[in-house]
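So the chains spell out like this:
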Amino acid sequence: MPITRSSIGSIERKAVRRRKGRKRALGTRRPMTMPLAPNERWSLDFVSDSLTGGRRFRILCVVDDFTREALAVVADFSISGHRLARELDAIIARRGKPKTIVSDNGTEMTSHTIFKWAQDQHIEWHYIAPGKPTQNAFVESFNGRLWDECLNEELFSSLTEARAALTAWALDYNQQRPHTSLGGLAPAVFARNHQQQSAKRSKPAAPELRKGSTQRALTTNHKPERKANRLYL
């Protein structure tokens, strides 16, 4: 069989091993219910912006879906899976673990680092369906406010300036910004009120005597005294 240029190309293509796609963490995709308490579910996402010099930076946003609190607004030029795990550890050290974390299928969230971290922490990681950002509506709504009230209003010449502006905005968002979904309260105020109400509900009630029990006790105590008086008479 004569060897032609096309046959040589076919042999070379067969000899080249195809690179397999990187295996990623799958997590869960079952339907979610509305959270009923703080730390029941967190949502996270990344936002990208650029400095005045043109260099891009990323912002990690983490939100408590029940209280709507901004738990983290972290800016940096690069945020890896390892860095994401450290930032989540820092939030947990302040307020405890969430039961579930929701995210999209980005590289950082589907890395082996995050898969192992979630397993070690015993936290369920829920991935939304690809191309369905509305399934992560809480943090998407937060991102919209971040753009409208901060990123579209500010120009940053350095990462230091961006971090300072984001920190100030997040503080105002948590402490001052009213939410119609929270009855017109700011997220931090709503969280404090919920904590106080939960403490009142869990406080045991003081024991009460049934009606008439006090009178019966007093009558019983006085009867021996009256009998003794009669004997002395």
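Structural data are supplied above this passage.
Residues numbered from 1 in each chain as written. Predicted model: local features only at pLDDT ≥ 70, side-chain atom pairs only at ≥ 80, totals over all residues. Heavy atoms only, no water.

Trainee: Looking at this structure, how should I read the sheet that holds strand E3 (residues 70-76)?
Mentor: What holds strands together in a sheet is hydrogen bonding between their backbones, with the strands either parallel or antiparallel. With mixed pairing, five strands are arranged side by side in an open sheet as E3-E2-E1-E4-E5. In the strand order of this sheet, the two ends are held by E3 and strand E5 (124-127), each with one partner. If you compare each strand with its neighbour and ignore which way they point, the axes differ by 20° on average. Pairing of strand E4 (residues 100-103) with E5, which is carried by four bridges, proceeds in the parallel orientation. (Pairing = 2+ DSSP bridges. Helix = DSSP H or I, 4+ residues; strand = E, 2+ residues; numbered from the N terminus. Axes fitted to C-alpha atoms, helices over the stretch in contact; angles between N-to-C directions.)

Trainee: Help me understand the environment of Arg-58, please; the structure alone is not making it clear to me.
Mentor: One can find Arg-58 in strand E2 (residues 56-64). Assessed through its relative accessible area of 22%, Arg-58 is described here as partly exposed. Distance in space between the C-alpha atoms of Arg-58 and Val-47 is 5.7 Å, their sequence separation being 11 residues. (Buried < 20%, exposed > 50% of the residue type's maximum accessible area, 1.4 Å probe, protein only.)

Trainee: Mind showing me how you'd approach unusual backbone geometry here?
Mentor: Peptide bonds are trans in most cases, and residues, glycine excluded, mostly fall at negative phi. A positive phi angle, close to 65°, is found at Arg-68, a residue other than glycine. Inspection of the secondary structure puts Arg-68 in the loop between E2 and E3. We note that His-122 has phi near 60°; this positive angle belongs to a residue other than glycine. Mapped onto the fold, His-122 is located in the loop between helix H3 (112-121) and E5.

Trainee: What am I meant to see in the pattern of salt bridges here?
Mentor: A side chain with one charge may pair with a side chain of the opposite charge, provided their charged atoms come close. Enumeration according to the criterion identifies nine salt bridges in this entry. With a shortest N-O distance of 3.0 Å, Asp-64 and Arg-95 are connected by a salt bridge. Linking Asp-64 in strand E2 with Arg-95 in helix H2 (residues 81-95), this pair joins segments that are 31 residues apart in sequence. Given a relative accessible area of 0%, Asp-64 falls into the buried group. Across the pair Arg-95 and Glu-69 runs a salt bridge whose closest N-O atoms are separated by 3.2 Å. Of the two residues, Arg-95 is situated in helix H2 and Glu-69 in the loop between E2 and E3; the sequence distance between them amounts to 26 residues. With relative accessibility at 25%, the residue Arg-95 sits in the partly exposed group. Among the residues examined, Glu-69 registers a relative accessible area of 13% and is labelled buried. (Salt bridge = Lys/Arg side-chain N within 4 Å of Asp/Glu carboxyl O.)

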